[in-house]
Amino acid sequence: MSMDLKDRCIVVTGGATGIGRSAATELAARGASLAIWDIDGAAAEAVSATLRAAGSPCVGLGVDVSSASQVADAMRCSVEFLGRVDGAFNNAGIGVPTLPFDQVDESDFDRIVAVNLKGVWLCMKAQVRHMREIDGGSIVNNASVSGLVALAGQGAYTATKHGVVGLSKTAAVEGAASNIRVNAICPGAVRTPLLRHLEQAGISEAALAAMSPQNRIADPLEIAQAVAWLLSKQSSFVTGVALPIDGGWSAQ
Ligand SMILES: NC(=O)c1ccc[n+]([C@@H]2O[C@H](COP(=O)([O-])OP(=O)(O)OC[C@H]3O[C@@H](n4cnc5c(N)ncnc54)[C@H](O)[C@@H]3O)[C@@H](O)[C@H]2O)c1
């Protein structure tokens, strides 16, 4: 087992399931200590308990990333538990029903912006302020292939993910002098509960797979391994990148 994240103290948001849970498991296997933040605090703590039982220091916290006060409290608790936070995977995100952008409910639009974009901003704000005091760190934000190209019927989601890419690049430029690296990842379709929004809209698994030249849906571990590399010192000269992990979808 590679221990390239030994002694690293990392926050994973949305870590109770899907890509976040897979990333938390991979980061812990590589030696990291973790704070798992999720709106479902009980599920975050259940993942933490599993990782603790396997020998990794880990705490699960109930946090809505769209709430400034909850993010500030979670950051305080995480630093208290871990001693410091020198890595973060800002992954929490939601989907909305698949509709032409002009038919999306205002409340759905506001909620997705609050979680997917404002949530990343709030988390990064707390993390960067702390990392400046401890001589740096590495942040990975989960955007999407929808942060790079349009996906019809996903206008609100696509807007938030383009926003995450822009915010990540800006934070990378601003953070470089403080030894803070910031990158975004842009996954294509990944087998997680989030895909149900597309499936409910009648977009089949085969149609989703066909979006990428590899003609398949990713396993969450394929995303987790890229996250682990971006959080490790092995990617020390990589910052401000929006990395497609999409089987070639955005290359077309
Ligand atoms: N699944 C895909 O195909 C895919 C592709 C590209 C990008 N993504 C992105 O990956 C990220 C994770 O998606 P996933 O597929 O694992 O989804 P998921 O629904 O399986 O997991 C999302 C997690 O985030 C948590 N969460 C939701 N709202 C939250 C909030 N306000 N505060 C804190 N936690 C919250 C959920 O409880 C859940 O544990 C999202 O940002 C998503 O946009 C997913």
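In case you missed it, the structure is sitting above this.
This one's a predicted model, so the numbers in the text were calculated from it and none came from an experiment.

1. Details of the pairing of strand β6 (residues 180-187)
For step 1, the next point in the chain: Buried residues dominate β6, accounting for eight of its eight residues.
For step 2, the next point in the chain: Taking every second residue as pointing to the same face, both faces of β6 are buried, with Ile 180, Val 182, Ala 184 and Cys 186 on one and Arg 181, Asn 183, Ile 185 and Pro 187 on the other.
For step 3, the next point in the chain: Crossover strand β5 (residues 137-142) to β6 through helix α5 (residues 155-175) is right-handed.
For step 4, the next point in the chain: Relative to strand β7 (residues 242-245), β6 runs parallel, the two being bridged by four bridges. Looking across to β7, one finds that Cys 186 is bridged to Pro 244.

2. Let's talk about the site of the ligand
For step 1, the next point in the chain: Close contacts around the ligand come from 29 residues, with Ile 19, Asp 38, Tyr 157, Val 190 and Thr 192 the closest.
For step 2, the next point in the chain: Measuring from an oxygen atom of the ligand, one finds a side-chain N or O atom of Lys 161 at 2.9 Å.
For step 3, the next point in the chain: Take Val 190: an N or O atom from its main chain is 2.8 Å from an oxygen atom of the ligand.
For step 4, the next point in the chain: Contact with the protein chains removes 93% of the 830 Å² of surface that the ligand exposes when unbound.
For step 5, the next point in the chain: Sorting the residues of the shell around the ligand by element identifies α1 (18-29), α4 (106-133) and α5 as the ones contributing at least two each.

3. A few points about the pattern of salt bridges
For step 1, the next point in the chain: All told, the structure shown has 10 salt bridges when counted by the stated rule.
For step 2, the next point in the chain: Linking Arg 52 and Glu 45 is a salt bridge whose minimum nitrogen-to-oxygen distance equals 2.5 Å.
For step 3, the next point in the chain: Put simply, Arg 191 and Glu 205 hold a salt bridge, and the shortest N to O gap is 2.9 Å. With Arg 191 in the loop between β6 and α6 (196-200) and Glu 205 in helix α7 (residues 205-209), the pair connects residues that are 14 residues apart, well separated along the chain.
For step 4, the next point in the chain: Under the relative-accessibility criterion, Arg 191 is labelled partly exposed at 45%.
For step 5, the next point in the chain: We classify Glu 205 as partly exposed; its relative accessible area is 37%.

4. Considerations on α1
For step 1, the next point in the chain: Between its terminal C-alpha atoms α1 stretches 17 Å, which fits the 16 Å expected from 12 residues at 1.5 Å a residue.
For step 2, the next point in the chain: Counting buried positions over the 12 residues of α1 gives nine, a clear majority of the element.
For step 3, the next point in the chain: Within the sequence span of α1, burial applies to Gly 18, Ile 19, Gly 20, Ser 22, Ala 23, Ala 24, Glu 26, Leu 27 and Ala 28.
For step 4, the next point in the chain: Where α1 is buried, its residues contact β1 (9-13), β2 (33-38), α2 (41-53), β4 (87-90), β5 and α8 (220-231).
For step 5, the next point in the chain: Two residues or fewer past α1, Gly 31 is found with a positive phi of approximately 105°.

5. Some remarks on the environment of Asn 215
For step 1, the next point in the chain: Assignment of secondary structure puts Asn 215 in the loop between α7 and α8.
For step 2, the next point in the chain: Separated by 34 residues in the primary sequence, Asn 215 and Trp 249 place their C-alpha atoms 9.2 Å from one another.
For step 3, the next point in the chain: Excluding residues within four positions of it along the chain, Asn 215 makes contact with Ala 209 and Ala 210.

6. Overview of a positive patch on the surface
For step 1, the next point in the chain: A cluster of like positive charges, contributed by Lys 118, Lys 125, Arg 129 and Arg 132, occupies part of the molecular surface.
For step 2, the next point in the chain: Following the sequence through the fold, Arg 129 ends up in helix α4.
For step 3, the next point in the chain: The class for Arg 129 is exposed, based on a relative accessible area of 51%.

7. Some details on α4
For step 1, the next point in the chain: Compared with the 40 Å implied by 1.5 Å per residue over 28 residues, the 39 Å span of α4 between its first and last C-alpha is a close match.
For step 2, the next point in the chain: Along its length, α4 shows its largest kink, about 40°, at Lys 118.
For step 3, the next point in the chain: The first or second residue beyond α4 is Asp 135, which carries a positive phi of 70°.

8. A short note on the pairing of β2
Within a regular strand, the side chains alternate between the two sheet faces.
For step 1, the next point in the chain: Of all six residues making up β2, six are buried, and the element is well covered by its neighbours.
For step 2, the next point in the chain: Residues Ser 33, Ala 35 and Trp 37 point to one face of β2 and Leu 34, Ile 36 and Asp 38 to the other, with burial holding for every one of them.
For step 3, the next point in the chain: In terms of strand pairing, β1 meets β2 through five bridges, oriented parallel. Each residue of the ladder has a partner; that of Val 12, found in β2, is Ile 36.
For step 4, the next point in the chain: Crossover β1 to β2 through α1 is right-handed.
For step 5, the next point in the chain: Pairing of β2 with strand β3 (residues 58-62), which is carried by five bridges, proceeds in the parallel orientation. Looking at β3, one finds that Ala 35 is bridged to Val 59.

What counts, and where the lines are drawn
- Residues numbered from 1 in each chain as written.
- Predicted model: local features only at pLDDT ≥ 70, side-chain atom pairs only at ≥ 80, totals over all residues.
- Heavy atoms only, no water.
- Buried < 20%, exposed > 50% of the residue type's maximum accessible area, 1.4 Å probe, protein only.
- Helix = DSSP H or I, 4+ residues; strand = E, 2+ residues; numbered from the N terminus.
- Right-handed = clockwise from strand over helix to strand, strands pointing away.
- Pairing = 2+ DSSP bridges.
- Near = heavy atom within 4 Å.
- Polar contact = N/O pair within 3.5 Å; in protein donor to acceptor, adjacent residues only side chain to side chain.
- Areas by Shrake-Rupley, 256 points an atom, 1.4 Å probe, with all protein chains shown as cover.
- Salt bridge = Lys/Arg side-chain N within 4 Å of Asp/Glu carboxyl O.
- Expected span 1.5 Å × (residues − 1).
- Contact = heavy atoms within 4.5 Å.
- Patch = residues over 30% accessible without salt bridge, like charges linked within 9 Å, V, L, I, M, F, W, Y side chains within 5 Å.
- Lys, Arg positive; Asp, Glu negative; His and termini not counted.
- Charge placed at Lys NZ, Arg CZ, Asp CG, Glu CD.
- Bend = angle between axes of the 7 residues up to and from the residue.

Keep in mind that these numbers describe shape and distance, not what the molecule does.
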